Amino acid sequence: MVVKKLSRDRNKTHAIADKLLVWFAGAARDLPWRRTRDPYAIWVSEIMLQQTQVKTVIPYWERWMQALPTIAAAAAAPADQIHKLWEGLGYYTRVRNLQKAAQAIVVQHGGRFPEAFDEVLALPGIGRYTAGAICSIAFDQPTPILDGNVIRVLTRLFAIAENPKEKETNARLWHLAEQLVQEAAISPPRAQRPEPRAAFLNQSLMELGALICTPRQPHCLLCPVQAECAAFRQQRTEELPNLGERAAATARAFMAFVLASRGEVFIRQRPAGVVNAHLWEFPNVEITGPTPEPAVVFQGLFGVKAPGLDLLTVVKHAITRYRITLTTYQASLGRRPAKMAGMSGKWVKLDKLQELAFTAAHKRVVLAALKARG
Ligand code: SF4
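These numbers come from a predicted model, not from an experiment.

A. Focus on unusual backbone geometry. Residues leucine 240 and proline 241 are joined by a peptide bond in cis, for which omega reads 0°. Among the structural elements, proline 241 can be located in the loop between α12 (230-233) and β1 (250-261). Phi angles above zero are rare outside glycine, and glutamine 51 is one such case at about 70°. Looking at the secondary structure, you find glutamine 51 in the loop between α2 (39-49) and α3 (54-67). Given the relative accessible area of 63%, glutamine 51 is considered exposed. Its identity is not glycine, yet alanine 159 carries a phi of approximately 45°, on the positive side. Its location among the elements puts alanine 159 in the loop between α9 (148-157) and α10 (167-185).

B. Representation of the site of the ligand in the model. The ligand sits among Arg156, Leu157, Ile212, Cys213, Pro218, Cys220, Cys223, Gln226, Cys229, Phe232 and Thr237. Applying the majority rule of atoms within 2 Å of the grid points places the ligand in the largest cavity. Tallied by class, residues from the shell around the ligand come to eight nonpolar, two polar and one charged.

C. Main features of the side chain of arginine 152. Along the chain, the position of arginine 152 falls in helix α9. Within the buried core, arginine 152 has no salt-bridge partner, and the shortest N-O distance to an opposite charge, that of aspartate 147, equals 7.6 Å. A polar contact is formed between the side chain of arginine 152 and the backbone oxygen of glycine 209, at a distance of 2.7 Å. In contact with arginine 152, other than residues within four places in its own chain, are Gly209, Ala210, Cys213, Thr214, Pro215 and Pro241.

D. Geometry of the pairing of β1. Sheet topology places β1 next to strand β6 (residues 322-332); eleven bridges connect them, and they run parallel. Each bridged residue has a counterpart across the sheet, and for arginine 252 the counterpart in β6 is isoleucine 324. Sheet analysis places β1 next to strand β4 (residues 284-287), joined by four bridges and oriented antiparallel. Within β4, the residue paired with methionine 255 across the bridge is valine 285. Across two bridges, β1 lies against strand β2 (residues 264-269) in antiparallel orientation. What sits directly across from alanine 260, in β2, is valine 265.

Criteria and cut-off values
Residues numbered from 1 in each chain as written. Predicted model: local features only at pLDDT ≥ 70, side-chain atom pairs only at ≥ 80, totals over all residues. Heavy atoms only, no water. Helix = DSSP H or I, 4+ residues; strand = E, 2+ residues; numbered from the N terminus. Buried < 20%, exposed > 50% of the residue type's maximum accessible area, 1.4 Å probe, protein only. Near = heavy atom within 4 Å. 1 Å grid on protein atoms, 1.4 Å probe; cavity = no way out; pocket = protein on both sides within 12 Å on 5 of 7 lines; lining within 4 Å. Sits in = over half its atoms within 2 Å of the grid points. Nonpolar A, V, L, I, M, F, W, Y, C, P; charged D, E, K, R; others polar. Lys, Arg positive; Asp, Glu negative; His and termini not counted. Salt bridge = Lys/Arg side-chain N within 4 Å of Asp/Glu carboxyl O. Polar contact = N/O pair within 3.5 Å; in protein donor to acceptor, adjacent residues only side chain to side chain. Contact = heavy atoms within 4.5 Å. Pairing = 2+ DSSP bridges.

If you want it as structure tokens, here you go:
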């Protein structure tokens, strides 16, 4: 059964690869990381693009490449600098792994990005998708890629109704992605196939998923592979991919305090090993159950009686499956407590906050505090 499916798939990949290559050569967006074959620059773009849209990534990528133009520069950069350059992109483990990988490249490969797929895959923070993307785009190797965009395109082209997370289906999708890129790169060259073929084929899948084969209301009438698309023929584009039931969002509430004293505010740094490690934030606690009086929370947090507390801002944001509400109060203390209930942190002038990397929600608190000051 599986063998039959695979050989049926093979017949389609010829036509799809041909059409995608030609389409991509004419339709590709001019993105800054597409103007280079530097594996470092492509790697940075691929890591930034995980979970983040292209238009958001462009200024981050440009700032990063200007500040840290080489692998050696990324390896040697202070932790504060890499976090600040990443501030707002979220999923900060990515930037820490990027630096660890840069350091590994310096030590193990003399600072030169490795070309062998297995060596790329062995680097921290680089999985099968990213290794495939870098090796194909930078080195034109026929290494497959499979992410959310490519899964959507392939499940529709081949009308795969099973959940892509299931082992057998996932293996079939990887196999299809591999057939496509190998078909593009290795099969006897055809005159009309633009180069570099592996690089173009993988990027054409990404591009098709981003621009044409969108999650809702795909633009099938503009699609270069419409004639090969089983979901289009069967009018099942809206039901594929079958991603199963989504976990319901969980609401979480936090209370934070912007505590000011002698022209400075108190902030703390999130410890290693937790979400958003190393980023700065205002002291806060998670509220479970009925909302307590802010003064009670303040005293529990700082170990001193609360002065007058004013509501500063309520920030709502979503991260992964959490819907977070961060209610922030501001307060002013004449004398600083000798001990802040054992809390480590530092007092910083409001103007200096912008130089530090904050979590996304607390960055909005920083902006609210600056605005309130006038
Ligand atoms: Fe996606 Fe529609 Fe193209 Fe099929 S025809 S690949 S559903 S855009």
